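Structure assessment
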Amino acid sequence: MSHPSDRVYSKEHEWVRLDGGVATVGISHFAQDQLGEVVYIDLPASGDSVAAGETFGEIESVKSVSELYAPLTGEIVEVNGALSDSPETVNSDPHGEGWMLKIRANDTSELDGLMSAEEYDAFVTES
Amino acid sequence: MADTLARTTLYEEHVALGARMVPFAGFEMPVQYRGILEEHTAVRSNVGIFDVSHMAEFRVFGFGAFDFLQRTLTNDLSSIAELGHAQYTLMLNEQGGILDDLIIYHSGDLEYLIIANASNRFSDFQWLASLAPDDVELVDESDRTALIAVQGPGALAVVAELTAAGWDVPARFELAEATLDGAVACLIAHTGYTGEDGVEILCSARDAPIVWRLLLSFPHVTPAGLGARDTLRLEMGYHLYGSDMDSTIDPISARLGWVVKADKGPFVGSSAIAELRRTGPAHTLSYLRVEGAIPRPGYAVLHEGVEVGKVASGSFSPTLECGIATAYLPTALAGIGTEVEIVVRKKTAPAFVVKAPFVTSTSLSAS
């Protein structure tokens, strides 16, 4: 699976797809592959605020815990509640049904510093 | 560090199968191939195979072997007087601390085979050598010995297919010689550490790739890594050296009193254990079921808001689909049903003390 080019990626392996002023956020295919089978996800609630670069939740595989970092600042308008019952969706469809949050962006220019799919592919090949 | 790691003779097989290799007890070992959950399920429902060649093997023989081991280990060696029989046992220091947990096989006349934890290989051997009398010979056979565990409800049938007609799998906790596929000499032990029925195959390290490929020639046999091995053993409440016990922990606190036989005569650590049995342990290993979070080693355990212990082993249970853990709790709190909380980063998760094993219906409990 490759990383789709309709979105941008952070160094912390989150993806962001902007649709109007609302950003959908998830983790990349590379990230889910590194984690292994996801068994638990702790996400914030709708209405909470997140700040770029700060943690918004945690994702756990059998062996490890990883923090999730917000790639932009704003208010959470929707949380993918289906992930609490089916966290494995993050493995099977990380760029689609495995999305985590929809955030109303305060300032979409925050995304300017993120990577294109091509840049991200190069980034994960190096790391 | 990476260049000092040892490899088993199955290293190339693991890499070819796409395993994720991690450092473990000085070896580069497969933590998983396709995924821990998949491998865990394969062992619970079908057959999984594990490379556990990193474990240590010592052979102890001579006229004094029985007396020496009876005085050095905690279990009663006279209960494996018959050739081929095996038992789980412990090696203690004088203070009663656990130096290692072992499986010992009565492998021949005046001869015993010990399987020890890889991380304790050199300290165990040194300890045994320091106590051994002149009429006992000790040989560290770890480097030339491979160990492959074949575990799961279908495991015995696979082994039967690979051995000669008329060869019977030895009874549980027994060992027998066998020839696999008419060519490979090995010892097959009806033991394991997953809670499922199965065997452990000992063979020459040189022959391990042949045995590994023979086992994988069955389409329903899945290679399984250390990740699944850990979740499988934890679901059964089996101890892991370094997590659930170490040289500062005694077997009574660890709920391993059943392998410490007071009536067999003195052994290293016996007076310390007798004293502990009189006073009772201050802390006792407890099994915790955790709701809504995954406990990890080192997380604090609270009782009525006060820290009373830390998670020793902790993981997600693939079978129960919840968190499970062990922790040393004050003995007064170790009773079944005690409610505690586990500090999971910024929150707490409710947990309660349960009876081991966490998972009760396996091919072993049914057999």
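Residues numbered from 1 in each chain as written. Chains lettered and ligands numbered in written order. Predicted model: local features only at pLDDT ≥ 70, side-chain atom pairs only at ≥ 80, totals over all residues.

Side note on the overall build of chain A
Rules: Under the DSSP-based scheme used, a helix requires at least four consecutive residues in state H or I and a strand at least two consecutive residues in state E, with every element numbered from the N terminus. A radius of gyration in this sense is built from C-alpha atoms; the matching globule rule multiplies 2.2 Å by the number of residues raised to 0.38. With C-beta atoms placed from the backbone, a residue is labelled by how many other C-beta atoms lie within 10 Å of its own: buried for 20 or more, exposed for 12 or fewer, partly exposed between the two. C-beta atoms are first placed from the backbone for all residues, and any pair lying within 7 Å is then listed as a contact.
Within chain A, the regular secondary structure consists of four helices and nine strands. Its C-alpha radius of gyration of 13 Å places chain A within 12% of the 14 Å reference for a compact globule of 127 residues. Each principal axis of the C-alpha distribution contributes one length, and for chain A these read about 35 × 35 × 20 Å. Burial statistics for chain A: of 127 residues in total, 41% are counted as buried. Considering only intrachain contacts with a sequence separation of at least 6, the fraction spanning at least 24 residues in chain A is 63%.

What to know about the interface of chain A and chain B
Quick reminder of the rule: When residues are grouped by polarity, Ala, Val, Leu, Ile, Met, Phe, Trp, Tyr, Cys and Pro land in nonpolar, Asp, Glu, Lys and Arg in charged, and all others, Gly among them, in polar.
Contacts between the two partners involve eight residues from chain A and, on the opposite side, 10 residues from chain B. Residue composition of the side of chain A that touches chain B, by class: four nonpolar, one polar and three charged.

Here's the deal with the packing of helix 2 (residues 36–45) of chain B against helix 7 (residues 226–235) of chain B
Residues and elements named next belong to chain B. This is how the line gets drawn: Each axis is a line fitted through C-alpha atoms, and for a helix only the stretch in contact is used; angles between axes span 0 to 180 degrees, taken between their N-to-C directions. Working rule for angles: under 35 degrees goes down as roughly parallel, over 145 as roughly antiparallel, 65 to 115 as roughly perpendicular, anything else as oblique. For a crossing to be left-handed, the near helix must be turned anticlockwise from the far one by less than a right angle; the clockwise case is right-handed.
For the pair helix 2 and helix 7, interaxial distance at closest approach is 8 Å and the crossing angle is 55°. Between helix 2 and helix 7, the crossing angle belongs to the class labelled oblique. The hand of the helix 2/helix 7 crossing is right-handed. Residues Ile36, Glu39, His40 and Val43 of helix 2 form the contact with helix 7, whose own contacting residues are Gly227, Ala228, Thr231 and Leu232. Across the contact of helix 2 with helix 7, the residue classes tally to four nonpolar, three polar and one charged.

Description of the sheet that holds strand 7 (residues 111–116) of chain B
All names here are of chain B. Operational definition: Two strands are counted as paired when DSSP detects at least two bridges linking them.
Judged by pairing direction, the sheet is antiparallel, and its five strands sit side by side in the order 5-6-7-4-8 without closing on themselves. The two strands at the open ends of the sheet, each matched to only one other strand, are strand 5 (86–92) and strand 8 (137–140). Here the strands of the sheet are splayed against their neighbours by 30° on average, with no regard to which way each runs. As paired elements, strand 4 (residues 56–61) and strand 8 share four bridges and run antiparallel to each other. Bridge pairing in strand 8 links Val60 to Leu138.

Regarding the confidence of the model for chain B
Quick note on the threshold: pLDDT runs from 0 to 100 and stands for how confident the predictor is about each residue.
For chain B, per-residue confidence averages 96 on the pLDDT scale, and 99% of positions sit at 70 or higher. Per the prediction output, this complex has pTM 0.93; the corresponding ipTM is 0.83.

Regarding the nonpolar core
All names here are of chain B. The criterion, for reference: By our criterion, buried Ala, Val, Leu, Ile, Met, Phe, Trp, Tyr and Cys residues that link up through C-beta atoms within 7 Å make up a nonpolar core.
Of all hydrophobic cores here, the largest spans 128 residues; its most connected members are Ile114, Ile148, Val150, Cys186, Ile201 and Val211. The element contributing the most residues to this core is strand 6 (residues 98–108), with six residues. Leaving out residues up to four positions away in the same chain, Ile114 has contacts with Phe58, Val60, Leu102 and Ile104.

A closer look at unusual backbone geometry
In this model, Ala356(B) is joined to Pro357(B) through a cis peptide bond whose omega is -5°. Its identity as a non-glycine residue notwithstanding, Glu304(B) has a phi of 50°, on the positive side.

Let's talk about helix 5 (residues 155–162) of chain B
As a reminder, the rule being used: Of all possible arcs, the one meant is that of the directions from the helix axis to the C-beta atoms.
Buried within helix 5 of chain B we find Ala155(B), Val158(B), Val159(B) and Leu162(B). Around the axis of helix 5 of chain B, the buried residues are gathered within 95° of arc, so they sit on the same side.

Comments concerning the environment of Ala356(B)
Residues and elements named next belong to chain B. Take Ala356: it is sitting in the loop between strand 19 (347–354) and helix 9 (363–366). The partly exposed category is assigned to Ala356, around which 17 C-beta atoms lie within 10 Å. For the pair formed by Ala356 and Leu234, sequence separation is 122 residues and the distance between their alpha carbons is 9.5 Å. Other than its neighbours up to four places away in sequence, Ala356 contacts Gly237 and Tyr287.

Focus on the sheet that holds strand 16 (residues 306–317) of chain B
All names here are of chain B. As summarised here, the arrangement of the six strands in space is 14-17-16-15-18-19, forming a closed barrel in which the pairing is antiparallel. Pairs of neighbouring strands in the sheet enclose a mean axial angle of 40°, with direction left out of account. With five bridges joining them, strand 16 and strand 17 (residues 322–330) adopt antiparallel strand pairing. From the neighbouring strand, Ser315 faces strand 17, where its bridge partner is Ile324. Helix-sheet contacts for helix 7 involve strand 16 and strand 17, and the interaxial angle to strand 16 is about 120°.

Quick notes on the pairing of strand 11 (residues 184–189) of chain B
The side chains of a regular strand alternate between both faces of the sheet. All names here are of chain B. By the bridge criterion, six bridges tie strand 10 (residues 175–180) to strand 11 in an arrangement that is antiparallel. When the bridges of strand 11 are listed, Leu180 appears paired with Val184. Between strand 10 and strand 11, which pair antiparallel one after the other, the connecting turn spans three residues, and Asp181 there sits at a positive phi close to 55°.

With respect to the environment of Glu196(B)
All names here are of chain B. Relative to the elements of secondary structure, Glu196 occurs in the loop between strand 11 and strand 12 (198–204). As a C-alpha pair, Glu196 and Ser363 span 167 residues in sequence and 5.1 Å in three-dimensional space. Not counting the four nearest positions on each side in its chain, Glu196 is found in contact with Val43, Arg44, Gln151, Gly152, Pro153, Thr362, Ser363 and Leu364.

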